[in-house]
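Geometric and topological summary
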Amino acid sequence: MIYLYAILVLAALGGGLAVLLLLAGRYICNYGECRVKINDREPITVQGGGKLLDALYANDIFIPSACGGQGTCGFCKLRVLNGGGPVLPTETPFLTTVELNAGARLACQVKIRNDLEIVVKDEYLLVQRFAATVSAARMVTSDIREIRLKLLDPARIDFRPGQYIQIAVPHKRETVFRAYSLASPPSMAGEVELLVRLIPGGLGSTYLHRVQPGDAVIFTGPYGEFELDTAPDTELVCVGGGCGMAPMRSLLRHVAETAPDHPCWLFFGARTSDQLMYREELEALAQKMPKLRLHFALSEPDKSPDWTGETGFIHQSAERHLQPGQARQAFLCGPPQMLAAARKVLKDKGLDDKAIFADEF
Ligand SMILES: Cc1cc2nc3c(=O)[nH]c(=O)nc-3n(C[C@H](O)[C@H](O)[C@H](O)COP(=O)(O)OP(=O)(O)OC[C@H]3O[C@@H](n4cnc5c(N)ncnc54)[C@H](O)[C@@H]3O)c2cc1C
Ligand code: FES
């Protein structure tokens, strides 16, 4: 009997505590309406208590947020001039001392508790939300799907090659965002292409492997800082693997259309030959681009007995073929270890950090 009383008392205490927390959440932590001043604009009014990133989205200001607000990508940087409270330990790994001194914060980690004054990059204010429909989809390797999205509203997107979009992924009663690079050239403004690798159990990739032609898809964009140097002597060097092919295809297709004589290199690495993709398309591009040099390398050639091309890691191919002393700009895209190795090779060949752009995924 005594145990029953003990259980009842504990249950009552637990219930009471839950009610207290609920009331505290509703009344003590009720921050009411807060005003957020963004750059030189008129302040917007938002409900306090939520994340700054979410409040900005709700007001059609789309800050990059590749991890969907989990505090793991460091993309949602902005400056908080007033009202942001102390910087959290979750933010510091992503912010340099110079950035911290300038008031940099991660928008997904800042909770709105009072009025705020913030500064966002002007280009973020141009990012739009798009309604699209899946127009085609096909597998290009055993786990990578090419997806075409026809834009409905707005019907066109202006972007630079190498940029990415953020797909709205329906998840339970929420929407989460995931970043995907545009594989199509800017000239295809009414229909964009993506390449998506399936991550088993992953929210965004399983969603994009599930959608079918005719399905509606929402995304925001464009994002990304890569800007092509069009000086005729500056070689473009693309190094990547897997879905890193997406932005590199966009870049090379754009150069083929706009400056086919521009000197370009593509180094694409895969483990086995069945993970190579778009070889015929790229070889056809090389017919139109006399200064495009293509290098494919396999890191596990034993598993591809017919392979007669280069072997080893793709940064080793770049090391073999690139001579130092040439003006270059590099675009690296792929998994972190590949990018680190490629970055070191390029720096050894004389490239400055500022001339190396990398998208890690
Ligand atoms: C700028 C940018 C551009 C990108 N472009 C592309 C693109 O063109 N194509 C593309 O396919 N992806 C791209 N990505 C990656 C993409 O945004 C997602 O991170 C990826 O699709 C996984 O998301 P998810 O929702 O499926 O998995 P999540 O639900 O986020 O993760 C599920 C689980 O998988 C693990 N996981 C997450 N990512 C990986 C991974 N890459 N490998 C192994 N395990 C993983 C997580 O740790 C977690 O345990 C890009 C990322 C960035 C930052
Ligand atoms: S959205 Fe990724 S860290 Fe904020």
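Each chain carries its own residue numbering, running from 1 in the direction its sequence is written. Ligands are numbered from 1 and chains lettered from A, in the order in which they are written. Only residues with pLDDT of 70 or above have their local features reported here, since the model is predicted, and side-chain atom pairs are shown and tallied only from 80 upward, although totals for entire chains, interfaces and linings are computed over all residues. Based on all heavy atoms of the structure, the side-chain values leave hydrogens and waters out of the count.

1. Focus on the nonpolar core
Residues L195, L266 and L282 are the most contacted members of the largest nonpolar core, which totals 33 residues. Put simply, the parts of the chain that give this core at least two residues each are β12 (235-241), α5 (245-258), β13 (264-270), α6 (279-288), β14 (292-298) and β16 (328-334). The dominant element in this core, judged by the number of residues it contributes, is α5, at 7 residues. Annotation comment: domain bounds sourced from an automatic or database domain assignment. A domain split of this core shows at least three residues from each of domain 2 (127-223) and domain 3 (235-360). Two residues form a contact once any of their heavy atoms are found within 4.5 Å. Contacts of L195, omitting those with residues within four sequence positions, involve V140, I144, R145, E146, A183, C243, M245, A246, M277 and Y278. To form a nonpolar core, buried Ala, Val, Leu, Ile, Met, Phe, Trp, Tyr and Cys residues must be joined to one another through side-chain atoms within 4.5 Å. Between buried and exposed lies partly exposed: a residue is buried under 20% and exposed over 50% of the maximum accessible area for its type, with that area taken using a 1.4 Å probe on protein chains only. By size, the runner-up hydrophobic cluster in this structure holds 32 residues, among which are I38, A55, C108 and Y164. Under the DSSP-based scheme used, a helix requires at least four consecutive residues in state H or I and a strand at least two consecutive residues in state E, with every element numbered from the N terminus.

2. Considering the site of ligand 1
Whether a residue is near a molecule or strand depends on its heavy atoms: if one lies within 4 Å, it is near. Taken together, 19 residues lie around ligand 1, and R178, A179, Y180, G204 and S205 are the ones closest in. Whenever a nitrogen or oxygen atom comes within 3.5 Å of another N or O atom, the pair is scored as a polar contact, on the condition that within protein one atom can donate a hydrogen and the other can accept it, and that pairs from neighbouring residues in sequence are kept only if both atoms are in side chains. In the environment of ligand 1, an oxygen atom lies 2.7 Å from a nitrogen or oxygen atom belonging to the side chain of R178. One of the side-chain nitrogen or oxygen atoms of Y180 is found 2.7 Å away from an oxygen atom of ligand 1. Accessible surface is estimated by sampling points in the Shrake-Rupley manner with a 1.4 Å probe; for residues, cover comes only from the protein chains shown. Summarising the interface, the protein chains cover 67% of the accessible area of ligand 1, which totals 940 Å² for the free molecule. Counting only elements with at least two residues in the shell around ligand 1, the list comes to β9 (174-181), β10 (191-197) and α4 (203-210). Three classes are used: nonpolar for Ala, Val, Leu, Ile, Met, Phe, Trp, Tyr, Cys and Pro, charged for Asp, Glu, Lys and Arg, and polar for all others, with Gly counted as polar. Its residues assigned to classes, the shell around ligand 1 shows 12 nonpolar, 4 polar and 3 charged.

3. Overview of a negative patch on the surface
On the surface, D40, D122, E123 and E227 cluster together to form a negatively charged patch. Along the polypeptide, D122 turns up in the loop between β5 (116-119) and β6 (128-139). The class for D122 is exposed, based on a relative accessible area of 57%. Patch criteria: residues need more than 30% relative accessible area and no salt bridge. Like-charged residues are merged within 9 Å; nonpolar side chains of Val, Leu, Ile, Met, Phe, Trp and Tyr are merged within 5 Å. Each reported salt bridge corresponds to a side-chain nitrogen of Lys or Arg within 4 Å of a carboxyl oxygen of Asp or Glu. Only four residue types enter the charge count, namely Lys and Arg as positive and Asp and Glu as negative; His and the chain termini do not. Lys charges are placed at NZ, Arg charges at CZ, Asp charges at CG and Glu charges at CD.

4. Overview of the side chain of Q166
On the secondary structure map, Q166 appears in strand β8 (residues 164-171). Residue Q166 is classed as buried on the basis of its relative accessible area, which comes to 0%. A polar side-chain atom of Q166 sits 3.0 Å from a polar atom in the side chain of Y57. Within the structure, the side chain of Q166 is placed 2.6 Å from the backbone nitrogen of S65, a separation counted as a polar contact. Leave out the neighbours within four places in its chain, and Q166 touches Y57, I63, P64, S65, A66, F177, R178, A179, I218, F219, T220 and Y223.

5. Details of the sheet that holds strand β1 (residues 33-38)
Here we have 5 strands laid out as an open sheet, ordered β2-β1-β5-β3-β4, and mixed in their pairing. What marks the edges here is a single partner per strand, and that holds for β2 (44-47) and β4 (104-106). Sheet twist, expressed as the mean angle between neighbouring strand axes with direction ignored, is 45 degrees. Summarising the sheet, strand β3 (residues 77-82) and β4 pair through 3 bridges and their orientation is antiparallel. The residue of β4 that forms the bridge with R79 is A104. Being paired, for any two strands, means DSSP has found at least two bridges between them. Between N-to-C directions, angles cover 0 to 180 degrees, with each direction set by a line fitted to C-alpha atoms, over the stretch in contact for helices.

6. Structural notes on the domain arrangement of the protein
As assigned here, the protein comprises domain 1 (33-124), domain 2 (127-223) and domain 3 (235-360). Centre-to-centre, using C-alpha coordinates, domain 1 lies 36 Å away from domain 3.

7. Concerning the sheet that holds β13
Read from one edge to the other, the open sheet built from 6 strands follows the order β15-β14-β13-β12-β16-β17, with strand pairing classed as parallel. Since the sheet does not close on itself, it has two edges, and those belong to β15 (310-311) and β17 (356-360), each with one partner. Bridging between β12 and β16 involves 6 bridges; their strand directions are parallel. From the neighbouring strand, G240 faces β16, where its bridge partner is C333. Across the sheet, α5 touches β12, β13, β14 and β16, and the angle it forms with β12 is around 155 degrees. Against the sheet, helix α7 (residues 314-321) touches β12, β13, β14 and β15, its axis set at about 150 degrees to β13.

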